[in-house]
Amino acid sequence: MSRRAHNLGLAGLALVIAAAPLFFPNSYFYDVAVNALLLAVVCVGLNLLIGYGGQISLGHAGFYALGAYGSALLTGRLGVPPLAALVAAAAAVGTIAYLIGRPILRLKGHTLAMATLGVGIIIHIVLKTESGLTGGPDGLAVDPFTVMGVAVTGDRAWYWVAGAVLLAAVRLAGNLTDSPVGRALRAVHGSEIAAEVMGIDTARAKVQVFVVSAVFASVAGSLFAHKSGFITPDIGSFFRSVELVTMVVLGGMASTHGAVVGAVLLTILPQVLATFEEYEAMVLGAIMMATMIFLPKGLVPGIRLAARRWGAVR
Amino acid sequence: MTLLAVDGLSKEFGGVRAVDALSFTISPGTIHSIIGPNGAGKTALFNLITGLYVPSAGRVVFDDRDITGKRPYQLARLGLSRTFQNLQIFLNMTAVENVMVGHHLHLDRRFLPSLLRLPAVVRGDHRCRRHCLELMDFVGVGRYAEAEASSMPYGALKRLEIARALAAKPKLLLLDEPAAGLNATESREIDEVIQKVAASGVTVVLVEHDMKMVMGISDHILVLDSGRKLAEGSPAEVRANPEVVAAYLGADGW
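Just so we're clear, the structure is a prediction, and the values are computed from it rather than from any experiment. (Residues numbered from 1 in each chain as written. Chains lettered and ligands numbered in written order. Predicted model: local features only at pLDDT ≥ 70, side-chain atom pairs only at ≥ 80, totals over all residues.)

Caption draft 1: Spotlight on the overall build of chain B. Counting secondary structure elements, chain B contains ten helices and ten strands. A compact globule built from 254 residues would reach a C-alpha radius of gyration of about 18 Å, and chain B, at 19 Å, matches this within 12%. With the principal axes as the frame, chain B shows a C-alpha extent of 60 × 40 × 35 Å. Counting across all 254 residues of chain B, residues that qualify as buried make up 45%. Counted over contacts in chain B with a minimum sequence separation of 6, partners at least 24 positions apart contribute 66%. (Helix = DSSP H or I, 4+ residues; strand = E, 2+ residues; numbered from the N terminus. Rg over C-alpha atoms; globule rule 2.2 N^0.38 Å. Buried ≥ 20, exposed ≤ 12 C-beta atoms within 10 Å, placed from the backbone. Contact = placed C-beta atoms within 7 Å.)

This is how it looks when you write it as structure tokens:
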């Protein structure tokens, strides 16, 4: 995407975030919106790995949960200020992702999916069973997020924080994809052999993006922990990891705005579809299948392509 | 003077010797061609030199450095670049971005400056883009600059690969069948491009089936058969070699 298109996209997103609350009748809407925005942050990072880098992770909810638990424990047990705890948790998660990524990103396709699946499951089990530290399946209470004595409280305040963090995430992702590092990453996706021959250390490029995407997930997880005030190991379950990948694929691979749309849609749709009661899951499944059949590149790239064709026909 | 020395190089695939105790040298500033029937080991040889295969035996010395067994990205840093017989284009990128990846080693590749889009990175990218557009003009695909690579025709992609390889500013450029699948006009244009590249001081090694091109532009020809050296020398010498004629070229004059 050109720089101008990127700036326009970012401004558009800012506008949508700013205007959306006009249609929120009560604080429940804010609550859902904050979840959507934080998951969008995870998906923007995950899309760097999947959409741009051509790798896969079925364990990213694990990094999200590690960020959440890291922040909860550092603030609750050690009295670390929340912002410092968020940064420390992100650094720790980044380190873990590096150590895990080095051996497993040599794998490709299905085997890489299996390995990352294993990572996610291990993290989930550890959070569940180390009840002395994590509170186990009963969960863990988390202190509010305070910066220099001011606490972020209430869904409205959190909405603006989450919105700002998402804009920052989109900006950083946009910077990266349109830079030497990002081109190297996309080249690895396009042809690993050619990337190597052009001087790109492909193993390093993959680990790098794996770490970045884990850090995005960790930061979102930390914020989620403080926002909800209570977390359980299930935020890092396998099901959540699959959900994250689904969001990225549905929204559109290698499209940062697609990742945002996917995350927001799949967070909001179940709420909307609640009117279908017991058919909710079936309707959701049907929507996803239809999207993949008719827009196989995902919503945002698919609609963009369709619009361009329509423009050409006219 | 020797830029590349191949010494006793062998590669086995499950008992089949694709390259068999091969030795030759390449002097700088010349155009070398490697010819031979299909399966003679030409592409395998390229893959050995550029680090995609690890040799079973023997060694490769480039620019007075033993590069045997080094990874391709390490060799790129020493000044080796290549194109592929079966295109290896980044189809998920635009044409000019493909070439810009070729220039990767000459850009600021640190993570944080890229993430924060520091002014120096932006300036570097601007310069790089301009340079790459010139290279695209040079090989004759300038009009595709902003096109998606996936939408370009085959002949243009062949040239795009050459531009990408040149963007790396190599000392040694290996071209694997640059004229394959091109029509006569296109192939003549590629011919000119290769000569211009060589004239600019880049040493070129060529695998090619187009004999007219090979005989016309090569300073030196190496003939392979079943992974072994059958003959080498100037085009005139090779053409006069009865073994070459018998094994590969056929008696019907060319």
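Now that the structure is up, let's keep going.
Caption draft 2: Structural view of the interface of chain B and chain A. Taken together, the contact between chain B and chain A spans 33 residues of the former and 24 residues of the latter. Secondary-structure elements contributing two or more residues to the side of chain B that touches chain A are α2 (72-78), β6 (80-82), α3 (95-102) and α4 (111-115) of chain B. Grouping the constituent residues of the side of chain B that touches chain A by class yields 18 nonpolar, seven polar and eight charged. (Nonpolar A, V, L, I, M, F, W, Y, C, P; charged D, E, K, R; others polar.)

Caption draft 3: Region of interest: the pairing of strand β10 (residues 228-233) of chain B. Residue and element names in this part refer to chain B. Bridging between strand β9 (residues 220-225) and β10 involves five bridges; their strand directions are antiparallel. Each residue of the ladder has a partner; that of aspartate 225, found in β10, is arginine 228. Where β9 hands over to β10, the hairpin turn is made up of two residues, of which serine 226 adopts a positive phi near 50°. (Pairing = 2+ DSSP bridges.)

Caption draft 4: Quick look at the domain arrangement of chain B. Residue and element names in this part refer to chain B. When cut into domains, chain B gives domain 1 (1-79 + 170-254) and domain 2 (90-165). A separation of 27 Å is found between the C-alpha centroids of domain 1 and domain 2. If you look at the interface, domain 1 gives eleven residues, while domain 2 gives eight residues. Elements that contribute at least two residues to the side of domain 1 that touches domain 2 include exactly α2, β7 (172-176) and α7 (184-199). Tallying contributions element by element places α7 first for the side of domain 1 that touches domain 2, with three residues. (Domains from an automatic or database assignment.)

Caption draft 5: Highlighting the packing of helix α11 (residues 238-251) of chain A against helix α12 (residues 256-272) of chain A. All names here are of chain A. At a closest axis distance of 7 Å, the pairing of α11 and α12 adopts a crossing angle of 125°. Regarding the angle of α11 to α12, the classification is oblique. Judged by the sense of rotation from one axis to the other, the crossing of α11 with α12 is right-handed. Listed contacts from α12 to Glu243, Thr246, Met247, Val248, Leu250 and Gly251 of α11 are Gly258, Ala259, Val260, Val261, Gly262, Ala263, Leu265 and Leu266. (Axes fitted to C-alpha atoms, helices over the stretch in contact; angles between N-to-C directions. Parallel < 35°, antiparallel > 145°, perpendicular 65-115°, else oblique. Left-handed = near helix turned anticlockwise from the far one by under 90°.)

Caption draft 6: Expanded view of the sheet that holds strand β2 (residues 16-26) of chain B. All names here are of chain B. Taken in spatial order, the four strands make up an open sheet running β2-β1-β4-β5, and their pairing is antiparallel. Unpaired on one side and paired on the other, β2 and β5 (65-66) mark the two borders of the sheet. Bridge count between strand β1 (residues 4-13) and β2: seven bridges; the pairing is antiparallel. Counterpart to glutamate 12 in the pairing with β2 is arginine 17.

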